[in-house]
Amino acid sequence: MVLLITGCINPIKKQEWLQISNDKVRLQQYIDSIKYYIKYSCFDEIVFCENSNYQCDERYELEKLAGSIGKKFEWLSFSGSCEIVELWGKGAGEDEIVSFAIKNSATLKQADCFAKVTGRLILKNINSIVKKCKKNNNYFIRDVYRDKNRFGVDTRFYIIEKSFFENNLIGIVNFYVYFL
């Protein structure tokens with residue numbers, strides 16, 4: 001199973017809801033998170049994909065770190081659609097990132113399933129979560145932060161078969177229709 005870490009290092013300035021918008025601070029938080037997953041997670045293959053087309057030399061250090069402990073690390077960066085984020089919010093931007101990663105990652109092309117985690121989030125119990133999961137199942141966490149009577153999932157972390165994502169969730173419209 002591959003771990004996909006999503007991110008946006010340099011977000012568009014119109015996102016007033018962001019707690020942290022400074023690209024240097026965000027970059028360091030992503031690097032800290034990636035290093036944690038490289039060093040301590042059970043994943044041998046890790047992909048980081050971000051949608052602000054941020055270019056940095058730290059990616060090579062992360063590749064070297066992963067290689068030194070027998071893991072593979074891939075960094076993808078592209079210019080995401082500002083219109084999607086402005087219209088639908090950062091969750092839609094994250095869907096765009098996952099879709100891009102599936103289509104463009106050499107690592108994900110070989111994978112049957114993947115775990116996805118939002119980039120600046122460090123799940124210290126990720127290994128125990130993965131250990132309890134059965135192969136060929138999809139795992140979503142109920143969104144407990146919104147209205148308790150509303151059905152929804154917390155997309156900061158999930159485990160999913162790639163084919164299920166491609167057939168049912170790829171693209172913003174399918175994702176929102178499927179879970180409403």
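Residues numbered from 1 in each chain as written. Predicted model: local features only at pLDDT ≥ 70, side-chain atom pairs only at ≥ 80, totals over all residues. Heavy atoms only, no water.

S.K.: Any chance you could explain the confidence of the model for the protein chain here in plain terms?
M.R.: When pLDDT drops low, the exact placement of atoms in the prediction is not to be read closely. Summarising the model, the protein chain shows a mean pLDDT of 84, and 76% of its residues fall at 70 or more. Low pLDDT (under 50) marks residues 173-180, which in the prediction has 15 contacts with non-local residues, meaning those over four places away or in another chain. (pLDDT = per-residue confidence, 0-100. Contact = heavy atoms within 4.5 Å.)

S.K.: How should unusual backbone geometry be read in this particular structure?
M.R.: We note that Asn53 has phi near 55°; this positive angle belongs to a residue other than glycine. Summarising the element assignment, Asn53 is placed in the loop between strand S2 (45-50) and helix H2 (58-68). The backbone phi angle of Asn136 is positive, close to 65°, even though this residue is not glycine. Structurally, the position occupied by Asn136 is in the loop between helix H6 (126-132) and strand S5 (139-142). (Helix = DSSP H or I, 4+ residues; strand = E, 2+ residues; numbered from the N terminus.)

S.K.: I would appreciate a short explanation of the pairing of strand S4 (residues 113-118) in the present structure.
M.R.: As a general feature of sheets, a regular strand has side chains that alternate between the two faces. Of all six residues in S4, five are buried; the element is thus mostly enclosed. Relative to S4, strand S1 (residues 2-7) runs parallel, the two being bridged by five bridges. Across the sheet, Ile5 pairs through a bridge with Val117, a residue of S4. (Buried < 20%, exposed > 50% of the residue type's maximum accessible area, 1.4 Å probe, protein only. Pairing = 2+ DSSP bridges.)

S.K.: Sorry if this is basic, but what is going on with the environment of Gln55 here?
M.R.: Structurally, the position occupied by Gln55 is in the loop between S2 and H2. We classify Gln55 as exposed; its relative accessible area is 51%. Linking Gln55 and Ser77, residues 22 residues apart in sequence, is a C-alpha distance of 7.6 Å. There is a polar contact of 3.2 Å between the side chain of Gln55 and the side chain of Asn53. (Polar contact = N/O pair within 3.5 Å; in protein donor to acceptor, adjacent residues only side chain to side chain.)

S.K.: Looking at this structure, I do not really get the sheet that holds S4. What am I missing?
M.R.: What links the strands of a sheet is backbone hydrogen bonding, and the strands pair in either a parallel or an antiparallel sense. Strand order across the open sheet formed by six strands is S3-S2-S1-S4-S6-S5, with mixed pairing between neighbours. Whereas interior strands pair on both sides, the edge strands pair on one side only; in this sheet they are strand S3 (72-77) and S5. Ignoring which end each strand starts from, the neighbouring axes of this sheet average 20° apart. Bridge analysis of S4 against strand S6 (residues 153-161) gives five bridges, and the strand direction is antiparallel. Bridge pairing links Cys113 to Glu161 in S6. Taken strand by strand, helix H1 (residues 23-40) contacts S1, S2, S3 and S4, and its axis lies near 170° from that of S1. (Axes fitted to C-alpha atoms, helices over the stretch in contact; angles between N-to-C directions.)

S.K.: Mind showing me how you'd approach H2 here?
M.R.: Buried residues of H2: Arg59, Leu62 and Ala66, and no others. Axial view of H2: buried residues confined to an arc of 60°, hence all on one face. In H2, the exposed positions that point more than 90 degrees away from the buried face belong to Glu61, Lys64 and Ser68. Buried residues belonging to H2 abut H1 and S3. Just past H2, the residue Gly70 takes up positive phi, approximately 80°. (Arc of directions from axis to C-beta.)

S.K.: In this structure, what is going on with the environment of Ser41? I would like to understand it.
M.R.: In this structure, Ser41 sits in the loop between H1 and S2. Once the C-alpha coordinates of Ser41 and Ile126 are considered, the two residues, 85 residues apart in sequence, prove to be 7.0 Å apart. Residue contacts for Ser41: discarding those within four places in its chain leaves Tyr36, Ile46, Lys71, Ile126 and Asn127. Of note is the side chain of Ser41, whose polar atom sits 2.5 Å from the backbone oxygen of Tyr37.

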